Amino acid sequence: MGTVDGPYLLVLFIGAVIVVVDGQLIFRNSPAYLNEVYQDPSRARQISGMVAVLFHLVMLGLVALIASIGWDGYPTPQAMVARVGVLLLLTAVGHAATIGILSRMREQQLSTEIAESQIAVSRRRDVPHEPPEEESERPHEPARGEVTGLPPEDPASDPTMRTPRAAASRGRWTARRAR
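What comes next concerns the included structure. These numbers come from a predicted model, not from an experiment. (Residues numbered from 1 in each chain as written. Predicted model: local features only at pLDDT ≥ 70, side-chain atom pairs only at ≥ 80, totals over all residues. Heavy atoms only, no water.)

1. Concerning the packing of aromatic side chains
Right, so step 1: Considering all chains together, one arrives at zero aromatic pairs under this definition.
Right, so step 2: Above the face of the Y33 ring, R106 is positioned so that its terminal group lies 4.7 Å from the ring centre. (Phe/Tyr/Trp six-rings, centres within 6.5 Å; stacked < 30°, edge-to-face > 60°. Lys NZ or Arg CZ within 6 Å of the ring centre and 35° of its normal.)

2. Remarks on the nonpolar core
Right, so step 1: By size, the foremost hydrophobic cluster in this structure holds 10 residues: V11, V19, I26, F55, M59, V63, I66, A67, M80 and L87.
Right, so step 2: For this core, the elements supplying multiple residues, two or more each, are helix 1 (5–34), helix 2 (41–68) and helix 3 (77–126).
Right, so step 3: With near-sequence residues (within four places) excluded, I66 lies in contact with R83, V86, L87 and L90.
Right, so step 4: Listed in part, the seven residues of the second largest apolar core include V37, Y38, V51 and L102. (Core = buried A, V, L, I, M, F, W, Y, C linked by side-chain atoms within 4.5 Å. Buried < 20%, exposed > 50% of the residue type's maximum accessible area, 1.4 Å probe, protein only. Helix = DSSP H or I, 4+ residues; strand = E, 2+ residues; numbered from the N terminus. Contact = heavy atoms within 4.5 Å.)

3. Side note on helix 1
Right, so step 1: Relative to the 44 Å expected for 30 residues at 1.5 Å per residue, helix 1 spans 42 Å between its end C-alpha atoms, a close match to the ideal helical length.
Right, so step 2: Taken as a whole, helix 1 has its buried residues at P7, V11, G15, I18, V19, D22, G23, I26, S30, P31 and L34. (Expected span 1.5 Å × (residues − 1).)

4. Examining the side chain of S103
Right, so step 1: For S103, the position within the fold is in helix 3.
Right, so step 2: Among the polar contacts made by the side chain of S103, one reaches the side chain of Y33 at a distance of 3.1 Å. (Polar contact = N/O pair within 3.5 Å; in protein donor to acceptor, adjacent residues only side chain to side chain.)

5. A short note on the packing of helix 1 against helix 2
Right, so step 1: One way to put it is that helix 1 packs onto helix 2 with a least axis distance of 9 Å and a crossing angle of 165 degrees. Judged on the interaxial angle alone, helix 2 and helix 1 are roughly antiparallel. Seen from above, helix 1 lies across helix 2 with right-handed handedness. (Axes fitted to C-alpha atoms, helices over the stretch in contact; angles between N-to-C directions. Parallel < 35°, antiparallel > 145°, perpendicular 65-115°, else oblique. Left-handed = near helix turned anticlockwise from the far one by under 90°.)

6. Topic: the pattern of salt bridges
Right, so step 1: Taken as a whole and assessed by the stated rule, the structure comprises one salt bridge.
Right, so step 2: Here R106 makes a salt bridge to E36, at a shortest N to O gap of 2.6 Å. Note that R106 is positioned in helix 3 and E36 in the loop between helix 1 and helix 2, a separation of 70 residues in sequence.
Right, so step 3: Among the residues examined, E36 registers a relative accessible area of 59% and is labelled exposed. (Salt bridge = Lys/Arg side-chain N within 4 Å of Asp/Glu carboxyl O.)

7. Quick look at the side chain of H56
Right, so step 1: Looking at the element boundaries, H56 is found in helix 2.
Right, so step 2: Of the residues examined, H56 reaches a relative accessible area of 16% and is grouped as buried.
Right, so step 3: For H56, the side chain forms a polar contact with the main-chain oxygen of A52, separated by 2.7 Å.
Right, so step 4: Ignoring sequence-local partners within four residues, the contact set of H56 consists of V19, V20, G23 and Q24.

Put into structure tokens, the structure is as follows:
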């Protein structure tokens, strides 16, 4: 072990702490940014995890290079501060590049969703529209037993409505059929 090991390890440690803190910020906050376009939160976490791992690997490699290049003799405190400054600047560039990657992925997913919805709309236009089958002969007349309008505020006061429990089990209010 030479006389350079102390400052070298200190710069290496400071750089690793900076990268890990920034990488964790990216890892924890990017799923919220991607959740808007990826409806599946687990997919947004996967993508943000892959981007965060890429950030960590690239930045830790840069930290190792900056910490090990050009120590002539015993470094002065100014040289160590300069190296930490370079590490901070490179971390900022790496952070900006990572945010750019996430933005590009978000925009790409958003444009894919827009294109898919436009294709679905154009397919619906190509299919001939069939009128719905009606129970009554006249389209303006409600079918026998059909309820029109909104349900009453108090369903128990309306004798044509089923009980709330029976309606809730089927998921909607329906009228009793007149016999």
